[in-house]
Every structure is written in C-alpha cells, then in structure tokens.
Amino acid sequence: MSRSKLIVAYVCLVGIPLAAVVAILWLGRQLVAPLSVAGSWKVEADFSALGSDPCMAPLTAFRQPFLDVSQSGGDLTVRLGNPQKTILPGIVRGRKLRIGAASAEARDCRDPLSLELQATVDGSADRRILSGTLGIVGCTICTAVPFRAVRGNR
Amino acid sequence: MPNLLTLVFQLAAIIGASAVVAFLFQKIGQPKVIGEMFSGIMLGPSLLGWLAPHVSATIFPPASLGYLNALSQVGIIIYMFLVGVSMNPTELRKHGHAVVLMSHVSIVAPFLLGSAFAVYLYPRLSDDSVSFMSFALFVGAAMSITAFPVLARILAERDLLGTKIGSLAIACAAVDDVTGWCILAYIVFLIRSHQAAATPLWVTIGGLALFVFLMLSVGRRILRHFETGYQKYGKLSENSLAIMVLIVLLSAVTTERLGLHLLFGSFLAGVIMPKNAAFVRYVVSRFETVTVVILLPLYFAFTGLRTSIRLIAGKEMWLICLAIIALAIAGKLGGSMLAARCAGTSWRESAALGTLMNTRGLMELVILNIGLDIGVISHTLFSMMVLMALVTTFMTAPLFEWIYPSKLVETPITTNADAVCEPV
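The paragraphs below set out a description of the structure included in this document. Since we're looking at a predicted model, the values are computed, not measured. (Residues numbered from 1 in each chain as written. Chains lettered and ligands numbered in written order. Predicted model: local features only at pLDDT ≥ 70, side-chain atom pairs only at ≥ 80, totals over all residues. Heavy atoms only, no water.)

## Topic: the overall build of chain B
And then number 1: Counting secondary structure elements, chain B contains 18 helices and zero strands.
And then number 2: For a compact globule of 424 residues, the expected C-alpha radius of gyration is about 22 Å, and chain B comes in at 21 Å, within 12% of that figure.
And then number 3: With the C-alpha coordinates aligned to their principal axes, the bounding extent of chain B is approximately 55 × 50 × 50 Å.
And then number 4: Counting all 424 residues of chain B, 58% fall into the buried class.
And then number 5: By sequence separation, contacts in chain B at least 24 residues apart represent 83% of the contacts at least 6 residues apart.
And then number 6: Summing over all exposed atoms, chain B offers an accessible surface of approximately 16700 Å²; the carbon and sulfur share of this is 69%.
And then number 7: Charge-centre separation for chain B: the mean point of 26 positive side chains lies 3 Å from the mean point of 20 negative side chains. (Helix = DSSP H or I, 4+ residues; strand = E, 2+ residues; numbered from the N terminus. Rg over C-alpha atoms; globule rule 2.2 N^0.38 Å. Buried < 20%, exposed > 50% of the residue type's maximum accessible area, 1.4 Å probe, protein only. Contact = heavy atoms within 4.5 Å. Areas by Shrake-Rupley, 256 points an atom, 1.4 Å probe, with all protein chains shown as cover. Lys, Arg positive; Asp, Glu negative; His and termini not counted. Charge placed at Lys NZ, Arg CZ, Asp CG, Glu CD.)

## Some remarks on helix H10 (residues 164-193) of chain B
And then number 1: With 30 residues, H10(B) extends 43 Å between its outermost C-alpha atoms, agreeing within 8% with the 44 Å of an ideal straight helix rising 1.5 Å per residue.
And then number 2: For H10(B), the buried fraction is high: 24 of the 30 residues fall into the buried class. (Expected span 1.5 Å × (residues − 1).)

## Quick look at the sheet that holds strand S3 (residues 75-80) of chain A
All names here are of chain A.
And then number 1: Spatially, eight strands are ordered S1-S2-S3-S4-S5-S6-S7-S8 in a closed barrel, and the strand pairing comes out antiparallel. Strand after strand, the sheet turns through a mean of 30° between neighbouring axes, direction not considered.
And then number 2: Sheet topology note: the strand S7 (residues 129-136)/strand S8 (residues 145-151) ladder contains six bridges and is antiparallel. Pairing of Gly-132 across the sheet is with Phe-147, part of S8. (Pairing = 2+ DSSP bridges. Axes fitted to C-alpha atoms, helices over the stretch in contact; angles between N-to-C directions.)

## Structural notes on the nonpolar core
And then number 1: Judged by nonpolar contacts, the single largest core of 139 residues is most densely connected at Phe81(B), Trp181(B), Ile324(B) and Leu381(B).
And then number 2: At 17 residues, the largest contribution of residues to this core is made by H10(B).
And then number 3: In this view, Leu381(B) contacts Leu121(B), Leu125(B), Phe135(B), Val139(B) and Ile324(B); residues no more than four positions away in its chain are not counted.
And then number 4: Among the nonpolar cores identified, the runner-up in size contains 31 residues, and Phe66(A), Ala101(A), Ile136(A) and Cys142(A) belong to it. (Core = buried A, V, L, I, M, F, W, Y, C linked by side-chain atoms within 4.5 Å.)

## A word on the interface of chain A and chain B
And then number 1: At the interface, 28 residues of chain A touch 29 residues of chain B.
And then number 2: Together chain A and chain B conceal approximately 2400 Å² of surface at their shared face, both sides included; 74% is due to carbon and sulfur atoms.
And then number 3: Sorting the residues of chain A by area buried against chain B places Leu13(A), Leu25(A) and Leu31(A) first, and these three jointly supply 24% of that buried surface.
And then number 4: Where chain A packs against chain B, one counts one salt bridge.
And then number 5: Here Asp128(B) ties to Arg128(A) by a salt bridge, and the two come within 3.0 Å at their closest N and O atoms. (Buried area = accessible area lost by both parts, 1.4 Å probe. Salt bridge = Lys/Arg side-chain N within 4 Å of Asp/Glu carboxyl O.)

## What about the packing of helix H8 (residues 132-144) of chain B against helix H18 (residues 379-403) of chain B?
All names here are of chain B.
And then number 1: Running from N to C, H8 and H18 cross one another at 20°; their axes reach a closest spacing of 11 Å. Comparing their axes, H18 and H8 come out roughly parallel. The two elements H8 and H18 cross, and the hand of that crossing is right-handed. Residues Phe-135, Val-139, Ala-142 and Met-143 of H8 lie in contact with H18, whose contacting residues are Leu-381, Met-385 and Met-388.
And then number 2: Its residues placed into classes, the contact of H8 with H18 shows seven nonpolar, no polar and no charged. (Parallel < 35°, antiparallel > 145°, perpendicular 65-115°, else oblique. Left-handed = near helix turned anticlockwise from the far one by under 90°. Nonpolar A, V, L, I, M, F, W, Y, C, P; charged D, E, K, R; others polar.)

## Examining the packing of aromatic side chains
And then number 1: Inspection of every chain in the model, using the stated rule, returns 12 aromatic pairs over all chains.
And then number 2: Judged by centre distance (6.0 Å) and plane angle (70°), the ring pair of Phe38(B) and Phe394(B) falls under edge-to-face. A residue pair is termed long-range when its members are at least 10 positions apart, and Phe38(B) in helix H2 (residues 32-43) and Phe394(B) in helix H18 qualify at 356 residues.
And then number 3: The class for Phe38(B) is partly exposed, based on a relative accessible area of 24%.
And then number 4: Arranged with centres 6.0 Å apart and planes meeting at 85°, the rings of Phe81(B) and Phe287(B) form a pair that is edge-to-face. In this pair, Phe81(B) sits in helix H5 (residues 65-86) while Phe287(B) sits in helix H14 (residues 277-306), placing the two residues 206 residues apart along the sequence. Per residue, the accessibility class of Phe81(B) equals that of Phe287(B), and both read buried.
And then number 5: Of the aromatic side chains, those joined through ring pairs into one cluster are Phe25(B), Phe38(B) and Phe394(B).
And then number 6: Directly above the ring of Trp26(A) sits Arg29(A), whose terminal nitrogen or CZ lies 3.8 Å from the centroid.
And then number 7: The aromatic ring of Tyr120(B) is capped on one face by Arg124(B), whose charged end is 3.9 Å from the ring centroid. (Phe/Tyr/Trp six-rings, centres within 6.5 Å; stacked < 30°, edge-to-face > 60°. Lys NZ or Arg CZ within 6 Å of the ring centre and 35° of its normal.)

## Observations regarding the pairing of S3(A)
Along any regular strand the residues' side chains alternate between the sheet's two faces.
All names here are of chain A.
And then number 1: Of the two faces of S3, the one holding Leu-76, Val-78 and Leu-80 is buried and the one holding Asp-75, Thr-77 and Arg-79 is not buried anywhere.
And then number 2: Sheet analysis places strand S2 (residues 67-72) next to S3, joined by six bridges and oriented antiparallel. Each bridged residue has a counterpart across the sheet, and for Gln-71 the counterpart in S3 is Leu-76.
And then number 3: The loop that links S2 with its antiparallel partner S3 comprises two residues; one of these, Gly-73, has a positive phi angle of about 65°.
And then number 4: Alignment of S3 against strand S4 (residues 87-93), held across five bridges, turns out to be antiparallel.

## So, the environment of Leu236(B)
All names here are of chain B.
And then number 1: Inspection of the secondary structure puts Leu-236 in the loop between helix H11 (201-233) and helix H12 (238-257).
And then number 2: In sequence terms Leu-236 and Phe-226 are 10 residues apart; their C-alpha atoms lie 7.2 Å from each other.
And then number 3: Setting aside anything within four residues of it in sequence, one finds Leu-236 in contact with Phe-226, Gly-229, Tyr-230, Leu-241, Met-244, Phe-279, Tyr-282 and Arg-286.

## Points about a nonpolar patch on the surface
Residues and elements named next belong to chain B.
And then number 1: A surface patch of nonpolar side chains, amounting to about 460 Å² of accessible area, comprises Leu-210, Phe-213, Leu-214, Val-218 and Ile-222.
And then number 2: For Ile-222, the position within the fold is in helix H11.
And then number 3: Relative accessible area serves as the criterion here: at 40%, Ile-222 is assigned to the partly exposed category. (Patch = residues over 30% accessible without salt bridge, like charges linked within 9 Å, V, L, I, M, F, W, Y side chains within 5 Å.)

## A few points about the pairing of S2(A)
And then number 1: Note: strand S1 (residues 39-45) of chain A against S2(A), three bridges, orientation antiparallel. Bridged to Ser40(A) within S2(A) is Asp68(A).

## Points about the side chain of Arg151(A)
And then number 1: Among the secondary structure elements, Arg151(A) is positioned in strand S8.
And then number 2: The side chain of Arg151(A) is buried and forms no salt bridge, while Asp128(B), the nearest opposite charge, is found at 6.4 Å.
And then number 3: Of the polar contacts made by the side chain of Arg151(A), one reaches the side chain of Ser36(A); its length is 3.1 Å.
And then number 4: Among the polar contacts made by the side chain of Arg151(A), one reaches the main-chain carbonyl oxygen of Ala38(A) at a distance of 2.8 Å.
And then number 5: The residues contacting Arg151(A), other than those within four sequence positions of it, are Ser36(A), Val37(A), Ala38(A), Gly39(A), Ser40(A), Trp41(A), Ala125(A) and Arg128(A). (Polar contact = N/O pair within 3.5 Å; in protein donor to acceptor, adjacent residues only side chain to side chain.)

Here is the structure:
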C-alpha cells in the first residue's frame, strides 16, 4: 500500500469517524438523563400515624436502610428493608418518584406489597433527598404519612 | 468470618459446572473459555436463580458473595498479568503501517457506533450521576474491545498463529486491547475524580507518570533478572515466582491507590516482562493452571451472578439489546474487514480478520464489571452487553470456519509462532 493511499485511507477511516465521535460527545452534553435515586435510603417518618394495627404491623419490622434502590434509566427496582426483603417496582419521571406495585397485586394492609411511596426528588446528585408520603394502597382506614429520606451508600 | 463450608460448596459447584459446560462446548467446536462464560451465566439469576431460586439462594447466599468476589478478583489480577506477559509490542513493527490502519479502524468504527447509540441509550438506561461523556466513552470502549487471549487460543487451536492472517489478527488485537485499556483508564479516572473521596487530580496524573517511569526503568530491570535466571537454570525458584507475584500485586495496588483500578497495574507488570518466547511460555505455564482452572471460573460465575437476563424486559429493551449486538458486530467485524480490504488483503481474508477481531470474550466481561463497579452502567445495560459479549464470542469459531475453511489455511509464514503470542 503506497504512503499516499495509506494517508487517504487513514483520514477517511480513522480521522473522520474520530471527528464524528468528538462531535457526538460535544452535542450529547445537552442530553438529560433521569435523576439518580439508586442506593440505600434511610427513611424518617412517624409510622405510628398510620393509625390502625393492621397497617402498623409490617412497618414495625422494617430495618434501615428502609429502601435499597437499583436503577436503570427511569425504571427502579426497590428492595424493602423488611425481613422478607420485598421487591417493588418504581419509576422516576422528572422530579417525581413513585414506588409501589399495582393496587391489584396488594392483598391487605399487612402485605408489604401494599406499600406505596410517592415523593419528590430534591438536591444535587451527591446529596439527594426524597420527601413525600408513605401509604397503603387500597386501605380505607389509614392515611398516608409524610416521610423524608436521605441516601446512604450507592 | 466466611462460612467456609459455603465457600467450598460454591467452589465445587462453579468448577464442576464450568468443566462440564466447557467440555460440551468443546464438543461443538467452541473454545473452552466460551463454555466457561456460559456456565457462569447459567449459575446466576438468569437460569439457576430463575428455575430454582431456593437452590440458588442456598448455594449463593448474598452475604457470601463478597468472599467469592475477592477470590475471583485475585484470579483476574493474575490473569491480566498473564495477558500482559503474552503481548509482545515489538512484533507489531513487523507488520508495517497496514496493521496500524487496521487496528485503529477496528477501534474507531465500533467506538463511533457505540457512542452514537449512547445518544439514544443515555436518557433510557442511565441517570444523572453519570455524565454523557463518561457513558458514551464507556459504551464506545466496551464495543471496541477484542479478546486478545481468546483470539490467541482460537488461532492456536487452528494452527493459525504463524500465518499472515493469524499474526495480523494478533497484532491488531494487541493494539486494540492496549488502546481500550487506556480509554477505560481515562473513564475510570473521569468518574472517580467526581467522587467525594477521590484521589486528587495531581496525585493521579503525577503518580501515574512516576509509576510508569519506574516500572519501565527499575521494574523492567528487576524483571530481566528473572529471565536471566531462567536462561541459566531452565526454571525459576519458588522464591523468584513469589517475588514476581509480589511485584504484580504491588503494581496492582499502586494503580488502585492512584485512583485507577487494580487491573491496570497487573496488566502493566505483564507488559514490561521480558518477551523471550521460552521464558514467556514458562511463566504462563506456572500460573495458568490455578488461574485458568480454578480462579477464572469464579470470575465467570461472579459475572453470571450479576447478570440477569430477566432485567431485559419488554419489547423495547430486547430491541435495544439486539441493536447493541448488531452495532457491535457491524462496527468491529465490518470496520476491521473494510480496513483490511483497503490495506490490500483479499475479501475472504478481510472477512476472516474481521470475524476474529469481533471476538470479545473475557476482556469484555472484565471491562463491563469495572463499568458496573464504578456505576457508569446500570445492571440492565450490563446484562445486555454481557449477552453481546457471549454472542460475538460464540459466533467467531463457526463463522471463521465458514469464511476461512481449514483447507485454505496457508503454511505458517514463521516457524517461530510462539514468539508472536502465548495463548493464555
């Protein structure tokens, strides 16, 4: 292969694609990804406010970190801090976060699958805070209680 | 304290499964390492955890995985050292400018496709704790990698190491791997520099420059004594091997402490080792058995335990996964083939070279695990890319045989085939 051909081939096959990579990296800076909520969360709330015994029962068995969240884009998989290590799905869209199974899956107030968290995500990526309500889906007795959560290990 | 019985049971299950699956894969003409990779995936949540969750939880309780990870990391540190030992940079000079063009195109083409696809992936599979630049660079680098050791093994098994196509593939793969590791080092540095407990920038850059200088000057001189000793006595003493391991471990710890990763240090220690063919063969043989037979299956199993095909849920996710596989093949196989053709190689040989370069194997898994550890990719993307690694590695041997049947293999152009590389 002659030197001139090699240079032309190198410019076309390496130089131009490399310039395209640089352009992609430059333009891609404007892209926005979902807010990061992955990691362990310590939840602060007054669980007694949930009111009745059936609702209290599952929550008293919880240990901190209350939530262990793994994230892929806006989709979340949340492991609860209860003895059964219940797993719930969740989503984060903009600053709004929702964790909880569809109401049809929940059987009664004592079922951890009945838990539902709705929160707003605040703070920068390294000091993220959740604030919202924790309630039981489909329970006519108890009312949702406010909570605040801070992120520990990621 | 780890539950020793659990750990022993895990080792037995992993090594047993790995040996059986590797044997079966060899029966269908695949390299042993691909069977071991599949075996690891089978032991994870994708198969065992799905079919028999209680059995999986009994054999691999989450609390015990830290010990399994530690053992597998020791294995991969030694393995990366052996990969470095097997590389011989002086061989690259023999192939002239054509190999530079081919190797660079085989990196840039998949890198471009990977980073372009990252524009689509970033809002869907990443989050704001990772910058787009880190994410795109990682996806590009992960698509560009070639499994130098698996490639060397395939070529050795087909007696192609000394042929023109074999030596070209090895030379390109060596350049690809070194470049890929440099890009990865930059990404790790980029990510870790944003973390709260990060090593200061000047410490990383200054420390690395000093470390590389010391390794190339003092380290290389020390390592040369091993070669001299080997040439004098025909073997190395147990103490010499212990010192060699110590150098590898110290090198690994240094790069980790400087804010990079353990594996860069062990790889560098291997690269600066003397390249006398007999000596390289001897060093590899001394470490290979324990590393390849015992410790590497642990790494595959640990990777498998982190891989869950079930995370790829829904039509969109599967389409993304298929797109990743297609782009990885198009970029690597297509790019290498095009470059080889431009460099004057026949279409058949160009296609064969592209097929070989498309092998990702264990090196891809190593890079993906680092990406998952530093948080640049999610578990879902990790699982998709593990599938991509499996597919591209699995397709290599049959596709190569189809494109370049054994009857077309020419006589080796060099009788000193082992000087090119030593398959690990």
